[in-house]
Amino acid sequence: MSAYTNASLAAAARRQRLTTLGVRTPVRSGEGILRALVDADGKVFAVLTPSGSAASDQALVDLVAAAINAGCGVPAPAIAAPLDPHHVAAVRAESRQQAERMNRGRLPDAAE
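Source: prediction; values computed, not measured.

**Student:** Before we move on, could you go through the overall build of the protein and cite the residues and values that matter?
**Tutor:** Scanning the protein from terminus to terminus reveals three helices and three strands. Seen in sequence order, the protein has helices and strands lined up from the N terminus as α-β-β-β-α-α. For the protein, with 112 residues in total, the buried portion stands at 21%. Residue pairs in contact within the protein that sit at least 24 positions apart in sequence constitute 41% of those at least 6 positions apart. As displayed, the protein has an accessible area near 7700 Å², and 62% of this comes from carbon and sulfur atoms.

**Student:** For helix α3 (residues 85-103), give the residues involved together with the corresponding values.
**Tutor:** Given a rise of 1.5 Å per residue, 19 residues ought to cover 27 Å, and the 27 Å separating the end C-alpha atoms of α3 matches this to within 8%. For α3, every residue scored as buried is listed here: H86, A90 and A99. The secondary structure elements touched by the buried residues of α3 are β1 (28-29) and α2 (54-71).

**Student:** A description of the side chain of Q58 should follow, citing residues and the corresponding values.
**Tutor:** Its place among the elements puts Q58 in helix α2. Contacts of Q58, omitting those with residues within four sequence positions, involve S29, R35 and H86.

**Student:** I'd love a proper account of the pairing of strand β3 (residues 44-47), names of residues and values included.
**Tutor:** The sheet contact formed by strand β2 (residues 36-38) and β3 spans three bridges and is antiparallel. Its bridge partner lying in β3, L37 is registered against A46. Linking two consecutive strands that pair antiparallel, namely β2 and β3, is a turn of five residues; a positive phi of about 85 degrees is found at G42 within it.

**Student:** Can you break down the nonpolar core residue by residue, with the values?
**Tutor:** Soluble globular proteins tend to pack their nonpolar side chains together in the buried interior. Of all hydrophobic cores here, the largest spans eight residues; its members are L18, V23, V27, L37, V61, A65, C72 and V74. Those residues in contact with L37 that sit more than four places away from it in its chain are V27, R28, K43, V44, F45, A46, V61, V64, A65 and I68.

**Student:** A description of the sheet that holds β3 should follow, citing residues and the corresponding values.
**Tutor:** Spatially, β1-β2-β3 is the arrangement adopted by the three strands of the open sheet, whose pairing is antiparallel. Each edge of the open sheet carries a strand with a single partner, namely β1 and β3.

**Student:** Can you lay out the environment of S95 for me, pointing to particular residues and giving the numbers?
**Tutor:** Looking at the element boundaries, S95 is found in helix α3. Taking the C-alpha atoms as reference, S95 lies 9.7 Å from A55; in sequence the two are 40 residues apart. A polar contact of 2.8 Å, which involves the side chain of S95, links it to the backbone oxygen of V91.

**Student:** Hey, could you go over the environment of P85 for me, with residue numbers and the actual values?
**Tutor:** Structurally, P85 is set in helix α3. When its relative accessible area of 61% is taken as the criterion, P85 is described as exposed. Taking C-alpha positions, P85 is 9.1 Å from E31, a pair spaced 54 residues apart along the chain.

**Student:** Quick one: what's the story with the packing of α2 against α3, residue by residue and with numbers?
**Tutor:** At a minimum axis separation of 8 Å, α2 and α3 run at an interaxial angle of 145 degrees. Along its contact with α2, which presents A54, A55 and Q58, the element α3 presents H86, A90, A93 and E94. Here the contact of α2 with α3 is built from residues that sort into four nonpolar, two polar and one charged.

Reading the values: the criteria
- Residues numbered from 1 in each chain as written.
- Predicted model: local features only at pLDDT ≥ 70, side-chain atom pairs only at ≥ 80, totals over all residues.
- Heavy atoms only, no water.
- Helix = DSSP H or I, 4+ residues; strand = E, 2+ residues; numbered from the N terminus.
- Buried < 20%, exposed > 50% of the residue type's maximum accessible area, 1.4 Å probe, protein only.
- Contact = heavy atoms within 4.5 Å.
- Areas by Shrake-Rupley, 256 points an atom, 1.4 Å probe, with all protein chains shown as cover.
- Expected span 1.5 Å × (residues − 1).
- Pairing = 2+ DSSP bridges.
- Core = buried A, V, L, I, M, F, W, Y, C linked by side-chain atoms within 4.5 Å.
- Polar contact = N/O pair within 3.5 Å; in protein donor to acceptor, adjacent residues only side chain to side chain.
- Axes fitted to C-alpha atoms, helices over the stretch in contact; angles between N-to-C directions.
- Nonpolar A, V, L, I, M, F, W, Y, C, P; charged D, E, K, R; others polar.

Here it is in structure tokens:
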């Protein structure tokens, strides 16, 4: 067997193990404030413990989802739009935290 065939069989076996656990691929990050992994049916199957940085948490969840999909042989999704709601929320939260650390206060409303 070729290396390509072995890799395909290994990816199929990983997909089968996830399916046995009730998780269908592709996996993605959850919606809203909860940093979670969601399967193709929209079921939450894992939740990330918050680290204090919404942007870092979202990046980690996206990275884990991409790793699971790659390991199971699921093609990467199309690139998200530049104004992806997750991205906007993460930038807003990180900007607010940074301003509070640097200025010991909140950003003026005009800055948001």
